[in-house]
Amino acid sequence: MNLSHPHSSGTIVRCRRLLEPALREVVSGLHPWGARMVAFAMGWAGLDGREQDADGGKGLRPAITMLSAEAVGGTAEDALPAAVAVELVHAFSLAHDDIIDRDELRRHRATLWKAYGVGPALLTGDALLALAVSRLAARPEAMPYLSAALIELVQGQTADMAFENRPWSGPDVVTIEEYAEMAAGKTGGLLGAAAATGVALGGAPELADRMWTMGRDLGVAFQIVDDVLGIWGDPRLTGKPVHNDLRRDKKTLPVLAALASGGPAARELAAVLATGAADEDSVRRAAHLVEEAGGRERARALADRYLDSALGVLDECLPDATELRDVCHSLVDRVS
């Protein structure tokens, strides 16, 4: 993933430098085999356990936590327990999501389950979750938001899976409103927790509820952009095959928006999807029809609407939080 905002990269690097030593310290308490698998999942080490300089992710969620704390007069270090917790939950969710989605690649490397097997990957995800909870168990001003995010994440992921059994057309079709609620949980909950726990530990717990709302809206925008990248993203940037979501019949926003347009391209798209876009020609045709029916354009417009809503809350709560605003922009303004 590239970050297109000119000022966000340096900010995220600064936050990452604080975060990684704290993450490594927490992980060091695991069983050696578990610690080795976490190191692989985080991009710190290869399959052989040797240290390597790999892409372990940008650390955007913990950056939001630390910047939220700074924006209310606290320090990044004040929010470090929450920053570690949200990054561990994110890593946990990826370990489990890759199993659910049967994804074999993430960030240009084998996924955890592909490298070590399903059982070890599940156990590693469980360990990451347990460590995350332990970071905030004694912080009553922050823990409720992490707990709420975990519930939202599971609810959203469950809805996303249930959508796969719904038809592409007819009375039981997945609506854009249902999609937005799913994305607010699956992706927005953890971003809400990142922002809310940051201001809570930074000394302004009275802002936490509003920042939770900001993060949920930001998450919907982020998920929509992720859906766009899942169809048209450059594999060199996404680390996943092009048109990946179409192959799996995922009910993503660009497809839902295209089908809702009701024009000739939408009708042809529905027919292609109904027969199953299994071969490469069908997948490419489906992607073309989604764009022709306006799905890509509508997805971008809806992502911008949710981003504007999130930034409106941020400007109301923290009008001088320039760095935090830039990072929020970078989540949505990704290069496709």
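A short tour of the structure in this document, coming up. As the structure is a computational prediction, the values presented were derived from the model and not from experiment. (Residues numbered from 1 in each chain as written. Predicted model: local features only at pLDDT ≥ 70, side-chain atom pairs only at ≥ 80, totals over all residues. Heavy atoms only, no water.)

For the rest of this paragraph, the subject is the packing of aromatic side chains. Going through the model one piece at a time under the given rule, you end up with two aromatic pairs. With a centroid separation of 5.7 Å and 75° between ring planes, the pair formed by Phe40 and Tyr116 is classed as edge-to-face. In this pair, Phe40 sits in helix α2 (residues 32-42) while Tyr116 sits in helix α5 (residues 112-116), placing the two residues 76 residues apart along the sequence. Taken individually, Phe40 and Tyr116 each receive the classification buried, so the pair is uniform in this respect. Plain terms: the ring middles of Tyr145 and Trp212 are 6.3 Å apart, the flat faces sit at 45° to each other, and that makes the pair tilted. Taken together, the positions of Tyr145 in helix α7 (residues 143-163) and Trp212 in helix α9 (residues 208-232) put the pair 67 residues apart, joining distant regions of the chain. Here the two residues Tyr145 and Trp212 agree in accessibility, since each one is buried. In this structure, Lys251 is placed above the aromatic ring of Trp168, and the distance from its NZ or CZ to the ring centre is 4.3 Å. (Phe/Tyr/Trp six-rings, centres within 6.5 Å; stacked < 30°, edge-to-face > 60°. Helix = DSSP H or I, 4+ residues; strand = E, 2+ residues; numbered from the N terminus. Buried < 20%, exposed > 50% of the residue type's maximum accessible area, 1.4 Å probe, protein only. Lys NZ or Arg CZ within 6 Å of the ring centre and 35° of its normal.)

This paragraph deals with helix α8 (residues 176-202). For α8, with 27 residues, the first-to-last C-alpha span of 36 Å sits near the 39 Å given by 1.5 Å per residue. At Gly188, α8 is deflected by roughly 55°, the largest bend along its length. (Expected span 1.5 Å × (residues − 1). Bend = angle between axes of the 7 residues up to and from the residue.)

The next thing to look at is the packing of helix α1 (residues 8-27) against helix α4 (residues 80-101). Running from amino to carboxyl end, α1 crosses α4 at an angle of 70°, the nearest separation of the two axes being 10 Å. With respect to α4, the axis of α1 lies roughly perpendicular. Contacts from Arg16, Leu18, Leu19, Ala22, Leu23 and Val26 in α1 reach Leu80, Ala83, Val84, Glu87 and Leu88 in α4. Taken together, the residues of the contact of α1 with α4 sort by class into nine nonpolar, no polar and two charged. (Axes fitted to C-alpha atoms, helices over the stretch in contact; angles between N-to-C directions. Parallel < 35°, antiparallel > 145°, perpendicular 65-115°, else oblique. Contact = heavy atoms within 4.5 Å. Nonpolar A, V, L, I, M, F, W, Y, C, P; charged D, E, K, R; others polar.)

Glancing now at unusual backbone geometry. The backbone of His108 shows a phi angle near 70°, a positive value even though the residue is not glycine. Mapped onto the elements of the fold, His108 is located in the loop between β1 (105-106) and β2 (109-110). On the basis of relative accessibility, which here comes to 46%, the residue His108 falls in the partly exposed class. Even without being glycine, Asp249 reaches a positive phi, approximately 60°. Relative to the assigned elements, Asp249 resides in the loop between α11 (244-247) and α12 (253-260).

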